[in-house]
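# Overview (structure and organization)
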Amino acid sequence: MAVNGDWSDCGFLVLNAGSSSLKVALFAATGDEALLSGKVEKIGPDGVIQLKDAQGQALPVAEGVAEGDLGTHTGALMVVIRTIQRHFPALRLAAVGHRIVHGGPQFNAPLVITPDVMRTLEALAPFAPLHQPHNLAGVRAAMAAFPGVPQVACFDTAFHRDQPFVNDTFGLPSRYYEQGVRRYGFHGLSYEYITGQMRQLAPQLAAGRVVVAHLGNGASMCAVHDGRAVASSMGFSPLDGLAMGTRCGQIDPGVLLYMLDQEKLSSAEIARVLYHESGLLGLSELSNDMRTLEAAGTPQAQRAIDYFVMRAQRELGALAAQLGGLDALVFSGGIGENSVLIRARICERLGWMGIELDPARNAEHATWISAEQARTAVLVVRTHEELVIARSVRAVVGMA
Ligand code: AMP
C-alpha cells in the first residue's frame, strides 16, 4: 500500500494464468511499458521460464531456481517474484491484477477480489471449466505470496455485458437464461483496448459502427457501436463463432447429439474434439498454426484456410447486420495483426459492404489498410490485454 498516497516506489503484477502457463507483466505506478514481462510455459516437470526487461532483453531468473520449482502455478509465481526482487530490489508490490475469463452475468467491471467475490468466481467455474479454475489458481497463488495485497479481477466477459437481450440469449426455454446460460462473449479485454485505441486514432469512426476481429489461436468478432458491445460471435463458451486453431466455432447442436447417441462419446470426449481437435488443426490434419498452413500449400491446408475465411465473412455479415451497417472493420490478434493473406482473403468480395483494401498498405501492415476511396475503413490495431489490466488495477486501487 502507498504511504500517504505516494505510490512512487510501488509496482504491481499482471497475471494471466492458463492451464499450464503463467503470463506475467510488472508495471510501475505510472507508464504503459512493462518493467518486466514474460511467461512460464509447460508448468510441471518440464516447466520453462522466459522473462525480459522493458527493452526486450532476456532477464536471468533468480539464482537458486531448482528443478521442480516450475511444477505448480505457486512455484512458478515464486520464481517470478524472486527474479523481480533481484532486479528491482527497491520496488514494493502494491497490487496484483488477474485476467479472469468469466465474470458471469453480474460482474461488468474490474474489482478487488474479496472472499465473497472469490466464492462467486468459483461458482462460475462450470461455465468455463477449462479456464476459470486455472485463473483462480493464479489468484490463490498470488494471495498466498502477497497476503493483504489487493488482488484485482479483470473479466473477459465484462465488455459484453451491455449487449441487448436478443444478443445475450439463446432461443431456449427462458429458465436457461435465468440459470446463466447466456451469450457471454469473450476476448473482452482485447476489445476494450481496441475501442480505446480507436477513440484516439479515429474518434468519428469510434463513435460509429465497428466490427473488431480478434483473430488469434482463439478467435472472435465483436460488433461495437459508439464503444459499446452490441453482439459477439462467441457465446456461452469460447467455442462458438469463428473457426479457431483447435476449436470448432459455430456448430449445429444436432452434431453433438449425433456424437452422444451414435458415437456414444462421453462429454469429456466431445469436449476434447470440440476444443482440441477441431478448427484449423482438425480440417488441415496438419497444424493449428496459420503460419504453417499458409506455408504448407497442401489441399487440406487450403481447405482449412478457406473455411476460416468463410466463417469470418459470415460472422462479419451477421454482425454488420446487427449494427445496421458498418463504418470500420478492425483486425487484431496474431493472425489479424500479421497475416497479409488472411486479411486480404476476408476482405475479398466484400465490396458490397464498402470494404476495399489497399494491397500495398495491407502488405506493409499499415494501421489503415483500406483503399483511399473505400466507404468502410479497415484498420490493423495491435492488441494489448495486459495494459488494459494494468490500467484497471491503477483505477481500482487508486494508484497514480
Ligand atoms: P495469438 O493467439 O493471438 O498469439 O495468435 C496466434 C496465431 O497467429 C497463430 O495461428 C499464428 O500462426 C498466427 N500468426 C502469427 N504471425 C503470423 C504471420 N506472420 N502470418 C500468419 N499467421 C500468423
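Each chain carries its own residue numbering, running from 1 in the written order of its sequence. At least 70 in pLDDT is required for a residue's local features to be given in this predicted model, at least 80 for side-chain atom pairs to be given and counted, and no such filter applies to totals for whole chains, interfaces and linings, which use all residues. Where side-chain values are given, they derive from all heavy atoms of the structure, hydrogens and water being excluded.

## Some thoughts on the UniProt feature "active site" (unreviewed entry) in the protein
UniProt positions are given in the numbering used here, feature names are shortened, and annotations may be inferred rather than shown by experiment. With numbering matched to this structure, UniProt assigns "active site" (unreviewed entry) to Asp156. Each helix corresponds to a stretch of at least 4 residues labelled H or I by DSSP, and each strand to a stretch of at least 2 residues labelled E; elements are numbered beginning at the N terminus. As for its placement among the helices and strands, Asp156 is situated in the loop between strand 7 (151-155) and helix 4 (174-179). Here Asp156 falls in the buried class, since its relative accessible area comes to 3%. Contacts of Asp156, omitting those with residues within four sequence positions, involve Arg99, Ile100, Val101, Gly185, Phe186, His187, Gly188 and Leu189. In terms of polar contacts, Asp156 uses its side chain to reach the side chain of Arg99, at 2.7 Å. A 1.4 Å probe rolled over the protein chains alone gives each residue an accessible area, and that area as a share of the maximum for its type sets the label: buried under 20%, exposed over 50%, partly exposed in between. Two residues form a contact once any of their heavy atoms are found within 4.5 Å. Polar contact is the term for a pair of N or O atoms within 3.5 Å; when the atoms are in protein, one must be able to donate a hydrogen and the other to accept it, and sequence-neighboring residues count only if both atoms are side-chain atoms.

## Re the packing of helix 11 (residues 299-323) against helix 13 (residues 340-347)
Throughout, an axis means a line fitted to C-alpha atoms (over the contacting stretch in the case of helices), and angles, computed between N-to-C directions, take values from 0 to 180 degrees. Where helix 11 meets helix 13, the axes come as close as 9 Å, and the angle between the chain directions of the two elements is 50°. Relative to helix 13, the element helix 11 is oriented oblique. For the element pair helix 11 and helix 13, the recorded crossing hand is right-handed. Taken together, the residues of helix 13 that come into contact with helix 11 (itself represented by Gln302, Ile305, Asp306, Phe308, Val309, Ala312 and Gln313) are Ile342, Arg345 and Ile346. Side-chain classes follow a simple rule in which Ala, Val, Leu, Ile, Met, Phe, Trp, Tyr, Cys and Pro form the nonpolar group, Asp, Glu, Lys and Arg form the charged group, and the remainder, Gly included, forms the polar group. Within the contact of helix 11 with helix 13, the residues separate by chemical class into six nonpolar, two polar and two charged. Convention used here: angles under 35 degrees read as roughly parallel, angles over 145 as roughly antiparallel, angles from 65 to 115 as roughly perpendicular, and any remaining angle as oblique. Crossings are sorted by hand: turned counterclockwise from the far helix by less than a right angle, the near helix makes the crossing left-handed, and turned clockwise it makes it right-handed.

## A short note on the packing of aromatic side chains
Geometry of aromatic contacts follows a simple scheme: Phe, Tyr and Trp rings, the Trp one being its six-membered ring, pair when their centres are within 6.5 Å, and the pair is stacked under 30 degrees between planes, edge-to-face over 60, tilted otherwise. All chains considered together, the criterion is met by six aromatic pairs. Ring centres of Phe159 and Tyr191 lie 6.2 Å apart, and the angle between their planes is 35°; this geometry places the pair in the tilted category. Of this pair, Phe159 sits in the loop between strand 7 and helix 4 while Tyr191 sits in helix 5 (residues 188-201), and the two are 32 residues apart along the sequence. One aromatic cluster in this structure is built from Phe127, Tyr184 and Phe236. Here, a charge over a ring is recorded when the distance from Lys NZ or Arg CZ to the ring centre is within 6 Å and its angle to the ring normal is within 35 degrees. Above the ring of Tyr177, the side-chain terminus of Arg182 is found at 3.8 Å from the ring centroid.

## Here we look at the sheet that holds strand 7
Pairing within the open sheet is mixed, and its seven strands lie in the order 4-3-2-1-5-7-6. Of all the strands in the sheet, just strand 4 (48-53) and strand 6 (111-112) have a single pairing partner and so form its edges. Two strands pair when backbone bridges link them, and strand 2 (residues 22-28) and strand 3 (residues 36-41) are joined in this way by five bridges, in the antiparallel orientation. Opposite Leu22, over in strand 3, you have Val40 as the bridge partner. For two strands to count as paired, DSSP must find a minimum of two bridges between them.

## Topic: the site of the ligand
Near the ligand, the surroundings consist of Gly216, Asn217, Asn288, Asp289, Met290, Arg291, Glu294, Gly333, Gly334, Ile335, Asn338 and Ser339. Between the ligand and the protein, one listed contact pairs an oxygen atom with a backbone N or O atom of Asn217 at 2.8 Å. Considered on its own, the ligand offers 500 Å² of accessible surface; in the complex 71% of this is hidden by protein. For the shell around the ligand, the secondary structure elements donating two or more residues are helix 10 (290-296) and helix 12 (333-338). Element by element, the count of residues in the shell around the ligand is highest for helix 12, at four residues. A breakdown of the residues in the shell around the ligand according to their chemical character gives two nonpolar, seven polar and three charged. What makes a residue near a molecule or strand is one non-hydrogen atom of that residue sitting within 4 Å of it. For every accessible area listed, the method is Shrake-Rupley and the probe measures 1.4 Å; residues are considered covered only by the protein chains on display.

## What to know about the side chain of Thr157
Tracing the backbone through its elements, the reader meets Thr157 in the loop between strand 7 and helix 4. Setting aside its immediate chain neighbours within four residues, Thr157 contacts Val101, His102, Gly103, Gly104, Tyr184, Gly185 and Phe186.

## Remarks on the pairing of strand 11 (residues 328-332)
In terms of burial, strand 11 is a largely internal element, five of the five residues being buried. Residue alternation in strand 11 divides its side chains into two sets, Ala328, Val330 and Ser332 and Leu329 and Phe331, and both sets are buried. The pairing of strand 8 (residues 209-215) with strand 11 spans five bridges and is classified as parallel. Within the sheet, the bridge partner assigned to His214 lies in strand 11 and is Ser332. Sheet analysis places strand 11 next to strand 12 (residues 377-380), joined by four bridges and oriented parallel. Across the sheet, residue Ala328 finds its bridge partner in strand 12, namely Ala377.

## With respect to the pattern of salt bridges
Between Lys or Arg on one side and Asp or Glu on the other, a salt bridge is scored when a side-chain nitrogen of the former is within 4 Å of a carboxyl oxygen of the latter. Under the criterion given, the structure shown has 17 salt bridges. A salt bridge links Arg382 to Glu337, with the shortest nitrogen-to-oxygen separation between them at 3.0 Å. Of this pair, Arg382 sits in the loop between strand 12 and helix 15 (385-397) while Glu337 sits in helix 12; the two residues are 45 residues apart in sequence, bridging distant segments of the chain. With a relative accessible area of 53%, Arg382 lands in the exposed category. A salt bridge links Arg361 to Asp358; its shortest N-O distance comes to 3.6 Å. Among the charged side chains, a salt-bridge network with shared partners connects Arg99, Asp156 and Glu385.

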